[in-house]
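For reference, the chains in residue letters:
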Amino acid sequence: MKAFKNNLAVEQIDTQSKLMKLTISALALAVTIGIAGCSGDDGKDGAAGQQGVAGQDGSDGMDGQNGAPGFAAATFILANNGADNAGTVNLIDQNAAKLSTFNSGANEGVAFDSLGNLVQAADSGNGSLSTVCQVLSRSDDSYNSSIDRMISGTNTTLVNPKGIHVSHKHGLVLIADFNAMQVTVFGKEAAGDVAPLATTITDAKPWDLTYDDDNDRLYVALTNGDVAVYDNYVSGGFVATPARTITPSDDSGAKVSVNIHGIALDMQTNTLVLSDVGSASDATDGAIFVISDASQASGMVAVDRHIAGPMSMLGNPVDISLTGSDLRVAEKSNDAVLVFSNIFAGPSGDISPDLVTATTKPESITETIMHNDMQDSSDSIMVNMPLLGVAVSSNPGTAGPTTGQISRLNAPLTAELATYNASQTIESVAFDKSGTSYATFDNASTSIGGVAISTKVATSRDGESFSMAQDRLITGANTGIISPKGLDVASDAGMVFVAEFNPTTPGVLIFSSCATGDVSPLMTLTPSASARPWDVDYDPATDKAFVALTNGTVAVFDEVKSKWLAGMTTISGEDRLITPASGGTAFAAPTNIHGIDYDPTSNSLIISDVGSAADATDGKIYVINNASMASGLTNVSVNIAGPASQLGNPVDIMYTGSHLYVAEKSNGLVMRFDNILNSPGGDIAADVSYSFTAPESVAILPAWLNH
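Note that the coordinates shown come from a computational prediction; the quantities given were computed from them, not determined experimentally.

A.B. asks: Which residues make up the sheet that holds strand β12 (residues 206-212), and what are the values?
C.D. replies: Spatially, the five strands line up as an open sheet ordered β12-β13-β14-β15-β19, and their pairing is mixed. The open sheet has two edge strands with one neighbour each: β12 and β19 (299-302). In this sheet, neighbouring strand axes are inclined to one another by 25° on average, regardless of whether the strands run parallel or antiparallel. Pairing between strand β15 (residues 244-249) and β19: four bridges, direction parallel. By the bridge assignment, I246 is partnered in β19 with G299.

A.B. asks: With reference to specific residues and values, describe the sheet that holds strand β11 (residues 198-201).
C.D. replies: Here we have four strands laid out as an open sheet, ordered β8-β9-β10-β11, and antiparallel in their pairing. Of all strands in the sheet, those bounded by a partner on one side alone are β8 (161-167) and β11. Geometrically, the sheet is characterised by an average inter-axis angle of 20° between neighbouring strands, direction not taken into account. As defined by bridge partners, strand β10 (residues 182-187) adjoins β11 across four bridges and the pair is classed as antiparallel. Within β11, the position partnered with Q182 by the bridge is I201.

A.B. asks: Can you lay out the nonpolar core for me, pointing to particular residues and giving the numbers?
C.D. replies: Counting 35 residues, the largest nonpolar core has V392, I406, L409, L413, F431 and Y661 as the members making the most contacts within it. Put simply, the parts of the chain that give this core at least two residues each are β26 (387-394), β27 (405-409), β29 (426-431), β30 (437-441), β49 (650-655), β50 (660-664), β52 (688-691) and β53 (695-702). The element contributing the most residues to this core is β53, with four residues. Setting aside its immediate chain neighbours within four residues, F431 contacts D376, A391, T436, S437, V457, A458, V489, A699 and L701. Counting residues in each nonpolar core, the second largest holds 18 residues, with F497, A555, F557 and V560 among its members.

A.B. asks: Summarise the state of the cysteines; cite the residues concerned and give the values.
C.D. replies: A covalent bond bridging the sulfur atoms of two cysteines is what the word disulfide describes. Summed over the entire model, instances satisfying the criterion amount to one disulfide. Covalent S-S linkage joins C133 and C514, the inter-sulfur distance amounting to 2.4 Å. Disulfide C133-C514: torsion about the S-S bond near 70°, hence right-handed. Of this pair, C133 sits in the loop between β6 (128-132) and β7 (149-152) while C514 is found in the loop between β36 (507-512) and β37 (523-526), placing the two residues 381 residues apart along the sequence. Classification of C133 by relative accessible area gives buried; the value is 2%. C514 gets classed as buried once you look at its relative accessible area, which sits at 1%.

A.B. asks: Before we move on, could you go through the confidence of the model for the chain and cite the residues and values that matter?
C.D. replies: In low-pLDDT segments, the atomic positions of the prediction should not be examined closely. Of the residues in the chain, 90% reach a pLDDT of 70 or more, and the chain-wide mean stands at 91. With pLDDT under 50 throughout, residues 1-46 is counted as low confidence; its partners more than four residues away or in other chains account for 108 contacts.

Reading the values: the criteria
- Residues numbered from 1 in each chain as written.
- Predicted model: local features only at pLDDT ≥ 70, side-chain atom pairs only at ≥ 80, totals over all residues.
- Heavy atoms only, no water.
- Pairing = 2+ DSSP bridges.
- Helix = DSSP H or I, 4+ residues; strand = E, 2+ residues; numbered from the N terminus.
- Axes fitted to C-alpha atoms, helices over the stretch in contact; angles between N-to-C directions.
- Core = buried A, V, L, I, M, F, W, Y, C linked by side-chain atoms within 4.5 Å.
- Buried < 20%, exposed > 50% of the residue type's maximum accessible area, 1.4 Å probe, protein only.
- Contact = heavy atoms within 4.5 Å.
- Disulfide = S-S within 2.5 Å.
- pLDDT = per-residue confidence, 0-100.

Written out as structure tokens, the structure reads:
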């Protein structure tokens with residue numbers, strides 16, 4: 001399949017037939033495709049002047065057309081909703097030149113979550129909300145139920161969802177549902193036919209909305225020409241009544257809005273920009289409004305700027321997107337993307353757009369967002385990473401009050417900050433770069449395990465439990481998950497690695513991080529000799545997976561994602577097998593490696609060995625240097641063991657770039673060994689310890705998760 005970024009040539013459209021209803025002045029605007037970077041194109045040369053008679057100068061030629069302005073390089077997703085292109089989205093550049101097309105299956109509002117996944121509403125048939133995983137780097141070009149997920153069905157209450165907004169701070173998707181006359185809210189990890197987390201009935205049919213994460217303020221564009229404003233929307237329990245209503249008006253106090261559709265908020269200047277389609281059957285009566293001091297505006301509010309008229313080309317401006325002070329408009333009735341630069345300043349009136357690019361029936365537009373540029377916590381290259389805290393899962397042998405609990409401890413290991421109940425008998429927990437937790441679980445009575453994915457556990461879920469309105473499960477016979485143990489999340493790759501321990505089909509199962517339900521793994525890594533894995537750490541920079549095996553060795557799989565992209569779904573046998581040793585001799589049995597963490601900065605591999613699971617004194621921690629190329633018998637550079645270490649069953653570990661946190665299950669401790677790579681080793685005590693009931697896994701929580 002062709003890559004999404006390169007799979008279609010730029011669409012050629014007969015702009016004369018599309019724009020024939022416009023005035024001569026509007027037709028004179030350049031329909032420009034492919035202007036690069038920030039420098040504008042030169043204007044067209046003017047017509048040549050008439051040749052003068054001999055001995056006399058000829059007449060001056062006509063002035064050339066002005067060049068189109070340059071815009072900062074950027075890309076956008078444009079949703080289509082025409083008879084022939086509904087269900088597709090285009091990737092376009094800053095001048096709306098089409099770069100490629102993806103078949104999302106949805107036709108309405110578009111937004112991105114903080115990991116670069118596309119979220120899109122659909123109102124064709126039953127209302128739905130899709131999440132398309134890592135859409136900008138996909139090697140296919142269509143929605144895939146094994147990779148992507150959808151909220152759909154009777155319980156969702158969705159009827160005609162239009163505009164949407166993703167709250168990165170709260171991990172929510174807010175939806176303007178037109179015919180349901182409500183704002184519908186789901187957790188961003190929800191999937192399937194699930195009831196919403198909340199609904200808010202509106203006074204008129206909503207078309208779009210925007211949410212101020214910093215100030216907890218929701219703005220809803222209503223098709224009666226008003227904007228409803230809800231203060232303290234989330235903290236107030238999704239308040240049902242707007243604090244105030246904004247009605248765009250002229251200087252005399254007369255209402256100028258009719259049918260508001262698009263809405264955008266510039267938080268730096270506290271300015272709202274609105275688009276009004278007027279009559280949906282009229283291709284000439286659209287408008288743009290600019291309103292300052294948005295957070296305090298109330299009642300009849302004189303607009304700062306009002307753009308409308310034939311030169312503006314505004315007929316049905318169904319959606320808008322702000323990039324700095326550049327406003328992009330999805331102008332549906334006139335089949336164009338319009339750009340108005342410096343939208344916050346300038347006169348009102350019949351203002352021509354600065355750029356017009358023809359396209360067929362655009363419905364919604366949003367700027368693509370780059371991935372969070374930090375590494376996953378297990379792959380960090382920061383030295384002594386600042387932490388919010390440390391997450392620890394509890395898994396006592398007999399079910400008790402802490403079964404299924406994920407606790408957040410502070411970094412010094414002196415206090416518990418928060419708890420979350422995953423509502424399963426969980427094993428290990430890991431986190432993606434948005435603060436979502438991924439927890440493996442098993443069920444002895446059904447022999448079916450899974451992964452519970454819960455939004456914002458790293459930062460804000462305190463005293464809460466798993467909820468299908470916010471969270472989701474990967475589980476079922478097709479998953480192959482029976483007795484899962486450790487796992488790792490590669491956020492930028494959109495992959496979750498699960499160590500499957502069962503004796504019949506042991507291996508590492510790889511799933512899409514956006515998947516839900518009873519889905520098959522994308523790929524399986526099978527160690528040789530039927531060795532059983534307990535934990536896995538994937539390094540995205542080198543595309544290697546390091547797998548901790550309970551026979552006392554470490555399997556290394558090279559080019560994992562590359563092989564999957566090449567079409568492989570199973571890798572049988574590791575590329576290298578590392579056997580920890582001292583003085584060239586492998587450590588004596590019993591050896592039983594559990595925790596594993598690869599540090600890309602030092603190229604070191606840190607592993608924990610529980611020895612005999614029945615012995616609370618024989619645990620060890622090893623450090624292996626030059627790990628990326630290590631193979632066979634490999635001497636360790638650090639070996640910590642003995643009574644003072646209190647290492648019995650160190651079932652999981654995680655490295656901060658300086659210090660090592662350890663989940664020591666048999667002795668009920670969470671421990672920290674400082675400056676681990678330079679440790680003298682031997683029988684040394686941890687620098688800090690904290691008593692904890694049956695700790696099963698440990699994960700560090702970087703401070704930047706709160707940003």
